[in-house]
Amino acid sequence: MSAFSGKVVWITGASSGIGEAVALAMAQAGARLVLSARRDAELRRVATLTGLPSTAVLILPLDMTDRASFPEKADVVYQRFGQIDYLFLNAGITQRGPVAETDFSVYERLMDVNFFGVVALTKIVLPLMLARKSGHMVVTSSVAGKLGTKERSGYCASKHALHGFFDALRAETYASGVRVTLVCPGYIRTPISLHALNAHGESHGKMDENQEKGMLPETFAHKLLRAVSQNREEVYIGGLETYGIYLKRFFPGLLSRIVRNRRSE
Ligand SMILES: NC(=O)c1ccc[n+]([C@@H]2O[C@H](COP(=O)([O-])OP(=O)(O)OC[C@H]3O[C@@H](n4cnc5c(N)ncnc54)[C@H](OP(=O)(O)O)[C@@H]3O)[C@@H](O)[C@H]2O)c1
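So, here is what we can say about the structure in this document. (Residues numbered from 1 in each chain as written. Predicted model: local features only at pLDDT ≥ 70, side-chain atom pairs only at ≥ 80, totals over all residues. Heavy atoms only, no water.)

1. Looking at the overall build of the protein
Alright, step 1. What the protein contains, in helices and strands, is nine helices and seven strands.
Alright, step 2. Here the protein has a C-alpha radius of gyration of 18 Å; the compact-globule value for 265 residues is 18 Å, and the two agree.
Alright, step 3. Counting only residues that meet the buried cut, the protein has 49% of its 265 residues in that class.
Alright, step 4. Put simply, 69% of the contacts in the protein that link residues at least 6 apart link residues at least 24 apart. (Helix = DSSP H or I, 4+ residues; strand = E, 2+ residues; numbered from the N terminus. Rg over C-alpha atoms; globule rule 2.2 N^0.38 Å. Buried < 20%, exposed > 50% of the residue type's maximum accessible area, 1.4 Å probe, protein only. Contact = heavy atoms within 4.5 Å.)

2. Focus: the sheet that holds strand S6 (residues 178-185)
Alright, step 1. The strand order across the open sheet formed by seven strands is S3-S2-S1-S4-S5-S6-S7, and the pairing between neighbours is parallel. Where the open sheet ends on each side, the last strands, each with one partner, are strand S3 (57-59) and strand S7 (234-237). Pairs of neighbouring strands in the sheet enclose a mean axial angle of 15 degrees, with direction left out of account.
Alright, step 2. In this sheet, strand S4 (residues 86-89) lies alongside strand S1 (residues 8-12) in parallel orientation, the contact comprising three bridges. Paired with Val9 across the strands is Tyr86, a residue of S4. (Pairing = 2+ DSSP bridges. Axes fitted to C-alpha atoms, helices over the stretch in contact; angles between N-to-C directions.)

3. Concerning the side chain of Thr50
Alright, step 1. Here Thr50 shows up in helix H2 (residues 40-50).
Alright, step 2. For Thr50, the contacting residues outside a window of four places in its chain are Ala23, Leu24, Ala27 and Leu33.

4. Here we look at the packing of helix H1 (residues 17-28) against helix H7 (residues 217-229)
Alright, step 1. At their nearest, the axes of H1 and H7 sit 8 Å apart, and the two run at 60 degrees to each other. With respect to H7, the axis of H1 lies oblique. Read as a crossing pair, H1 and H7 show a hand that is right-handed. Residues Gly17, Ile18, Ala21, Val22, Ala25 and Met26 of H1 form the contact with H7, whose own contacting residues are Pro217, Glu218, Phe220, Ala221, Leu224 and Leu225.
Alright, step 2. Within the contact of H1 with H7, the residues separate by chemical class into 10 nonpolar, one polar and one charged. (Parallel < 35°, antiparallel > 145°, perpendicular 65-115°, else oblique. Left-handed = near helix turned anticlockwise from the far one by under 90°. Nonpolar A, V, L, I, M, F, W, Y, C, P; charged D, E, K, R; others polar.)

5. Let's talk about the site of the ligand
Alright, step 1. Neighbouring residues of the ligand: 31 residues in total, closest Ser15, Ser16, Arg38, Tyr155 and Thr190.
Alright, step 2. With respect to the ligand, the backbone of Ile18 contributes an N or O atom lying 2.8 Å from an oxygen atom.
Alright, step 3. Within the complex, the protein chains bury 96% of what would otherwise be the 880 Å² of accessible surface of the ligand.
Alright, step 4. For the shell around the ligand, the secondary structure elements donating two or more residues are H1 and helix H5 (153-173). (Near = heavy atom within 4 Å. Polar contact = N/O pair within 3.5 Å; in protein donor to acceptor, adjacent residues only side chain to side chain. Areas by Shrake-Rupley, 256 points an atom, 1.4 Å probe, with all protein chains shown as cover.)

6. Overview of the packing of aromatic side chains
Alright, step 1. Under the counting rule described, the total for this entry stands at six aromatic pairs.
Alright, step 2. Look at Phe115 and Phe165: their rings are 6.3 Å apart centre to centre, the planes differ by 85 degrees, and that puts the pair in the edge-to-face class. Here Phe115, found in helix H4 (residues 104-132), pairs with Phe165, found in helix H5; they are 50 residues apart in sequence, far enough to count as distant.
Alright, step 3. Residue Phe165 is classed as partly exposed on the basis of its relative accessible area, which comes to 24%.
Alright, step 4. Seen in terms of ring centroids, Tyr243 and Tyr246 are 6.3 Å apart; in terms of plane orientation they differ by 45 degrees. Their pairing is tilted. One end of the pair, Tyr243, and the other, Tyr246, are both in helix H8 (residues 243-250), three residues apart, so they sit about a helical turn from each other.
Alright, step 5. Tyr246 gets classed as partly exposed once you look at its relative accessible area, which sits at 33%.
Alright, step 6. Chaining the aromatic ring pairs together yields one cluster made of Phe115, Phe116, Phe165 and Phe166.
Alright, step 7. The ring centre of Tyr174 lies 3.9 Å from the NZ or CZ of Arg179, which sits over that ring. (Phe/Tyr/Trp six-rings, centres within 6.5 Å; stacked < 30°, edge-to-face > 60°. Lys NZ or Arg CZ within 6 Å of the ring centre and 35° of its normal.)

7. Considerations on the nonpolar core
Alright, step 1. If you look at the biggest cluster of nonpolar residues, it comprises 36 residues, and the most contacted ones within it are Trp10, Met137 and Phe166.
Alright, step 2. For this core, the elements supplying multiple residues, two or more each, are S1, helix H3 (70-81), S4, H4, strand S5 (135-140), H5 and S6.
Alright, step 3. With 11 residues, H4 is the single largest residue contributor to this core.
Alright, step 4. Leu43, Val57, Phe88 and Ala221 belong to the second-largest nonpolar core, a separate cluster that totals 34 residues. (Core = buried A, V, L, I, M, F, W, Y, C linked by side-chain atoms within 4.5 Å.)

8. Examining H2
Alright, step 1. Along H2, the residues that are buried comprise Leu43, Val46, Ala47 and Thr50. Down the axis of H2, the buried side of the element spans an arc of 105 degrees, and every buried residue falls inside it. H2 presents Ala41 and Thr48 as exposed residues on the side facing more than 90 degrees away from its buried surface.
Alright, step 2. If you follow the buried residues of H2, they end up packed against H1, strand S2 (32-36) and S3.
Alright, step 3. Remark: Gly51 follows H2 within two positions and exhibits a positive phi of approximately 75 degrees. (Arc of directions from axis to C-beta.)

As structure tokens, this is what we get:
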């Protein structure tokens, strides 16, 4: 029996890409699911793909920027399942554009979705986990959460912020049995670049080569579930690009030169 059998797993960003793949892998592992994102029809599509009976999957549309709605959403989950074992804080957006040209509103949007929404939802679910002395937050950061790259200033900042927040939370809640895993994906084959915000907040609308050639989301999800079942605190999953994290740690000058000289996509 898998570590996730019968567990209640709430996934944000479940309508696409990594979140969808995690939902399918969790369904296979016997979990009960709460699927959240803005697009109801896509969540329904994913729910059907899981093959789970309707009693084991709750479709819960949610916008990460609508923080006022979170208490009510968590209540719906509680009424339905009575517990939350895993919260996958995975919804996110990225950007394309140099600092000099990027509107301030783009930074606000990135922080709203990728950081403040995540903090707000964590604060709603945390008391429920603390009361049960059990629960696991799984946070999707990025390689860009460990180093800065061109044309991603706000994205990198929002992902770096997650590390500070969740490292602190992990230390605070360890004795209470609540666990935190931060995952830093490298390039994963998802449509994330299509929805990336350009310097003026419009859709980039292009599938970038790095994602096109990236790791399959199913492979990613399989590796992530293993890391979570092993209670890993921080994990890097992707191709060679994940080695950038080690270069930054051990040879920061070299990494800086590589990043500086790299063409941005
Ligand atoms: N793909 C990569 O190469 C890569 C690399 C590093 C990190 N990541 C991270 O992985 C996570 C998942 O991204 P992905 O690659 O799977 O991209 P994706 O396929 O575009 O999925 C993004 C998900 O986030 C949801 N989302 C976006 N804005 C939202 C909002 N305001 N409220 C609620 N949900 C929202 C989207 O659903 P709706 O549009 O239906 O709301 C979608 O389900 C992100 O945090 C991303 O930063 C991805």
